[in-house]
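Architecture at a glance
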Amino acid sequence: MFRELCSLYAVFFKIGAVTFGGGYAMLPILERELVQKRAWARSEDLLDYYAVSQVTPGVIAVNVATFVGCARRGIPGGLFATAGVVTPSLIIITLVARFISSFEDIVWVQKAMSGINVAVAALLTFAAVNFARRSIKKWWGVLFYAASFAAVYVFRVPSVAVVLAAAIGGVAVSAFVERHKKSFTEGKK
């Protein structure tokens with residue numbers, strides 16, 4: 001068990017060390033590391049963890065690490081995975097605070113951040129397209145997608161409200177479809 005706990009720590013340390021741009025940018029990395037390489041989760045599970053992380057307090061990356069770790073090895077797994085994902089940030093922030101007094105004024109740092117921002121934008125686009133492709137499976141999913149996008153982008157509705165409304169809408173639509181399937185099936189008899 002300790003070996004797998006150390007493995008959880010190491011994998012999430014690696015993810016935390018290479019993820020710039022927050023939780024959204026880490027989705028492709030999580031997919032590759034947890035689903036494709038190690039089979040620690042299915043794509044559907046990862047999307048569920050990611051969705052729940054959106055509406056729970058805290059940083060998305062930390063929440064996902066905690067969920068995956070708990071799913072693998074219970075509370076100790078959650079603790080090791082969470083520690084792994086936050087350790088690189090703690091190290092980097094400590095070094096930056098200790099040795100660089102005016103970080104943002106250094107020209108090479110500004111240029112590096114510009115390059116990182118472009119790479120993060122590409123990762124976010126990739127994650128969004130893959131996430132949408134895997135999540136939208138029914139006709140009403142397209143409607144929810146469009147309504148959610150408009151609510152967040154155009155009307156600036158808080159994300160939590162959009163996710164909760166979509167959850168309620170998903171339950172309502174599923175119940176409606178299920179009820180009409182039964183009616184249709186009974187009508188054929």
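Here, every reference points to the structure presented above.
Computed from a predicted structure; not experimentally measured.

What counts as what
- Residues numbered from 1 in each chain as written.
- Predicted model: local features only at pLDDT ≥ 70, side-chain atom pairs only at ≥ 80, totals over all residues.
- Heavy atoms only, no water.
- Helix = DSSP H or I, 4+ residues; strand = E, 2+ residues; numbered from the N terminus.
- Rg over C-alpha atoms; globule rule 2.2 N^0.38 Å.
- Buried < 20%, exposed > 50% of the residue type's maximum accessible area, 1.4 Å probe, protein only.
- Areas by Shrake-Rupley, 256 points an atom, 1.4 Å probe, with all protein chains shown as cover.
- Salt bridge = Lys/Arg side-chain N within 4 Å of Asp/Glu carboxyl O.
- Axes fitted to C-alpha atoms, helices over the stretch in contact; angles between N-to-C directions.
- Parallel < 35°, antiparallel > 145°, perpendicular 65-115°, else oblique.
- Left-handed = near helix turned anticlockwise from the far one by under 90°.
- Contact = heavy atoms within 4.5 Å.
- Core = buried A, V, L, I, M, F, W, Y, C linked by side-chain atoms within 4.5 Å.
- Phe/Tyr/Trp six-rings, centres within 6.5 Å; stacked < 30°, edge-to-face > 60°.
- Lys NZ or Arg CZ within 6 Å of the ring centre and 35° of its normal.

Turning to the overall build of the chain, a few remarks are in order. When you go through the chain residue by residue, the secondary structure sums to 7 helices and 0 strands. In the chain, the succession of α and β elements from N to C terminus is α-α-α-α-α-α-α. Relative to a compact globule of 189 residues, whose C-alpha radius of gyration would be 16 Å, the chain shows 20 Å and is clearly more extended. Referenced to the eigenvectors of the C-alpha coordinate spread, the extents of the chain come out at roughly 75 × 45 × 25 Å. Taken across its 189 residues, the chain has 29% of its residues classed as buried. When the accessible surface of the chain is summed, it comes to about 12200 Å², and 69% of that surface belongs to carbon and sulfur atoms.

Looking now at the pattern of salt bridges. Counting across every chain of the model gives 8 salt bridges. Note that E4 and R72 form a salt bridge whose closest N and O atoms lie 2.6 Å from each other. Of this pair, E4 sits in helix α1 (residues 2-18) while R72 sits in helix α4 (residues 60-99); the two residues are 68 residues apart in sequence, bridging distant segments of the chain. Accessibility expressed as a relative area gives 17% for E4, which makes it buried. Ionic pairing is found between E44 and R42, a salt bridge with its closest N-O pair at 3.7 Å. If you follow the salt bridges from partner to partner, you end up with K14, E33, K37 and R38 in one network.

Turning next to the packing of helix α3 (residues 43-55) against helix α5 (residues 107-135). Relative orientation and spacing of two packed helices are given, respectively, by the angle between their axes and the distance between those axes. The contact between α3 and α5 brings their axes to 11 Å, and the two run at 110°. Classified by the angle their axes make, α3 and α5 are roughly perpendicular. The interaxial crossing formed by α3 with α5 has left-handed handedness. Where α3 abuts α5, its residues S43, L47 and Y50 lie against F131, R134 and S135.

Generally speaking, nonpolar side chains in soluble globular proteins are found buried as a group. Within the largest apolar cluster, 23 residues are counted, with the highest numbers of intra-cluster contacts made by F12, I15, L30, L34, L46 and V64. Elements supplying a minimum of two residues to this core: α1, α2 (23-37), α3 and α4. Per element, the largest residue contribution to this core is 7 residues, and it comes from α4. Aside from chain neighbours lying at most four places away, what touches L30 is F12, I15, V35, L46 and V64.

Under the criterion given, the structure shown has 6 aromatic pairs. Ring centres 6.1 Å apart and planes at 25° place the aromatic pair Y49 and F67 in the stacked group. Within this pair, whereas Y49 is found in helix α3, its partner F67 is found in helix α4, the two being separated by 18 residues in sequence. Cation over ring: R38 sits above W40, and NZ or CZ is 5.8 Å from the ring centre. Here R156 stacks its cationic end above the ring of Y153, 5.9 Å away from the centre of that ring.

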